[in-house]
Amino acid sequence: MAAPEHVRRLRERLGPEPLLLLPAAGAVVVDDAGRVLLQRRADTGAWAVPGGIVEPGEQPAEAAVREVAEETGVHVVVEALVAADTGPPVRHTNGDRAQYVVTVYRCRPVGGEAAPDGDESLDVGWFAVDALPELPPHHRERVRRALGAGTAVPAARDAVAHAGSTLRIPDRACSFCDYLDGRRPFSVVERDDVVAVLVTREQRGRGHVLVVPVAHRPTLLDLEPAEVAAVGLSTQRMVRALTSAYAAEGVAVWQNNGVASHQSVPHVHVHVAATLPAGGTDWGRVPRLELAETERIAALLRAQL
């Protein structure tokens, strides 16, 4: 989201680190054919539901209508309130930390033509429900709610790796997607629309974390360029946090692609762990930590960010 003037003034005074809780509005726009309007965001490269920050004196519904017109060129009217939810904390590409309380509306198009604005949107398109691109989990949930609780919204997840690759992917359900969608509990250090950092229960080093794309991507070959950059930057942040948290003399980083390299989960992930006091990491059998223990590790690392 592009920051309006009042938020920019706040940042001039506070800097990027304070986590600002900001009001925002989103719009699930559905046409007469049942297609959903989506934008590919310029800041993350990800497809998403249009929306943005509510400006001073503006009603959330007015903000939703304005944001759709600005970002997609489509003029809409509000039909119904769909949800009010709080998204995950994010760190924008300029370093600003924020969390958004989003009022989501179902809207109907009444004019205009879908086209990217060249600023906040790289692309804009209408999508059938059974052909949606990969969406952040909370955006996919907004679409599901707008279409009705009984509507199935596919996750658009591929079970195969990059076309032409000989890599063999683990033939199993993706546990990381369950964690990211909230279907199974797991400790999260930080997360935005593109990348998340999870604390693994199998600690092979001190503060062992997994840097993963939020969208389901089987291997490194399947990442979009923006995701490669986000995963790399997040990995660097974790190396810095682990070094500080454990006064580490070394930090190990490794990543596996394909069953032959011992990839066990079909969702690309980067391991980052501070080395053990005696050096190196533990490649033998390690105990599986309880959630309370991984939560303590997550809190320790968040304090270093």
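Because the structure is a prediction, the values reported are computed rather than measured. (Residues numbered from 1 in each chain as written. Predicted model: local features only at pLDDT ≥ 70, side-chain atom pairs only at ≥ 80, totals over all residues. Heavy atoms only, no water.)

Caption draft 1: Here's a closer look at the overall build of the protein chain. Looking only at helices and strands, one finds 6 helices and 13 strands in the protein chain. Here the C-alpha atoms of the protein chain give a radius of gyration of 20 Å, agreeing with the 19 Å that 2.2 N^0.38 yields for 305 residues. Each principal axis of the C-alpha atoms in the protein chain carries an extent, and together these give about 65 × 50 × 30 Å. Looking at the 305 residues of the protein chain, the share that counts as buried comes to 50%. (Helix = DSSP H or I, 4+ residues; strand = E, 2+ residues; numbered from the N terminus. Rg over C-alpha atoms; globule rule 2.2 N^0.38 Å. Buried < 20%, exposed > 50% of the residue type's maximum accessible area, 1.4 Å probe, protein only.)

Caption draft 2: Region of the structure containing the state of the cysteines. One pass over the full model with this rule turns up 0 disulfides. No disulfide involves Cys-177; its sulfur sits 3.4 Å from that of Cys-174, the nearest cysteine. (Disulfide = S-S within 2.5 Å.)

Caption draft 3: Spotlight on the sheet that holds strand β8 (residues 121-127). On the basis of which strands lie adjacent, the open sheet formed by 3 strands has the order β3-β2-β8 and antiparallel pairing. Two strands close off the open sheet at either side, each with one partner strand: β3 (47-48) and β8. Note: strand β2 (residues 36-41) against β3, 2 bridges, orientation antiparallel. Residue pairing in the sheet places Gln-39 in a bridge with Ala-48 of β3. Along the sheet face, helix α2 (residues 60-72) touches β2 and β8 and points at about 65° away from the line of β2. (Pairing = 2+ DSSP bridges. Contact = heavy atoms within 4.5 Å. Axes fitted to C-alpha atoms, helices over the stretch in contact; angles between N-to-C directions.)

Caption draft 4: Region of interest: the environment of Asn-257. With respect to the element layout, Asn-257 can be found in the loop between β12 (251-255) and β13 (270-274). Asn-257 sits in the partly exposed class, given a relative accessible area of 21%. Taking the C-alpha atoms as reference points, Asn-257 and Glu-12, separated by 245 residues in sequence, lie 43 Å from one another. Discounting residues that sit within four places of it in the chain, Asn-257 has contacts with Leu-167, Thr-219, Leu-220, Gln-263 and Val-268. For Asn-257, the side chain forms a polar contact with the main-chain nitrogen of Leu-220, separated by 2.8 Å. Here Gln-255 takes part through its side chain, which lies 2.7 Å from a polar atom of the side chain of Asn-257. (Polar contact = N/O pair within 3.5 Å; in protein donor to acceptor, adjacent residues only side chain to side chain.)

Caption draft 5: Examining the environment of Tyr-246 more closely. Secondary-structure assignment places Tyr-246 in helix α5 (residues 225-246). In the structure, Tyr-246 is positioned 54 residues away from Leu-300 in sequence and 9.5 Å away in space, judged by C-alpha atoms. With near-sequence residues (within four places) excluded, Tyr-246 lies in contact with Arg-206, Gly-207, Ala-274, Ile-297, Leu-300 and Leu-301. Separated by 3.3 Å, the side chain of Tyr-246 and the backbone nitrogen of Gly-207 make a polar contact.

Caption draft 6: Fine view of the packing of aromatic side chains. Throughout the structure, instances matching the rule amount to 4 aromatic pairs. Their ring planes at 15° and their centres at 3.9 Å tell us that Tyr-179 and Phe-186 sit as a pair that is stacked. Here the aromatic rings of Trp-254 and Trp-283 are separated by 5.2 Å at their centres, their planes lie at 50°, and the arrangement is tilted. Remark: Trp-283 occurs in the loop between β13 and α6 (291-302) and Trp-254 occurs in strand β12; sequence separation between them is 29 residues. According to the relative accessible area criterion, Trp-254 is buried, its value standing at 14%. The exposed category is assigned to Trp-283, whose relative accessible area is 60%. (Phe/Tyr/Trp six-rings, centres within 6.5 Å; stacked < 30°, edge-to-face > 60°.)

Caption draft 7: Looking closely at the side chain of Arg-11. By the element assignment, Arg-11 lies in helix α1 (residues 5-14). Other than its neighbours up to four places away in sequence, Arg-11 contacts Pro-16, Glu-17, Pro-18, Leu-20, Asp-96, Arg-97 and Ala-98.

Caption draft 8: Spatial organisation of the packing of α5 against α6. Axis separation between α5 and α6 bottoms out at 9 Å; the angle between their running directions is 100°. Classified by the interaxial angle, the pair formed by α5 and α6 is roughly perpendicular. On the side of α5, the interface is formed by Ala-241, Leu-242, Ala-245 and Tyr-246, while α6 contributes Ile-297, Leu-300 and Leu-301. (Parallel < 35°, antiparallel > 145°, perpendicular 65-115°, else oblique.)

Caption draft 9: Structural detail: helix α3 (residues 137-147). Three or more residues of α3 are buried, namely Pro-137, His-138, His-139, Arg-140, Arg-142, Val-143 and Ala-146. Two residues or fewer past α3, Gly-148 is found with a positive phi of approximately 115°.

Caption draft 10: Layout of the side chain of Thr-235. Tracing the backbone shows Thr-235 in helix α5. A distance of 2.8 Å separates a polar side-chain atom of Thr-235 from the backbone oxygen of Val-231. Ignoring any residue separated from it by four or fewer positions in sequence, one finds Thr-235 in contact with Val-211, Val-253, Val-270 and Val-272.

Caption draft 11: Spotlight on the pattern of salt bridges. All chains considered together, the criterion is met by 18 salt bridges. Where Arg-8 meets Glu-5, a salt bridge forms, and the shortest distance between an N and an O atom there is 2.8 Å. Of this pair, Arg-8 and Glu-5 both sit in helix α1, separated by 3 residues, roughly a single helical turn. Between Arg-184 and Asp-178 there is a salt bridge, with its nearest N and O atoms 3.7 Å apart. Taking relative accessible area as the criterion, Arg-184 reaches 36% and is therefore assigned partly exposed. (Salt bridge = Lys/Arg side-chain N within 4 Å of Asp/Glu carboxyl O.)

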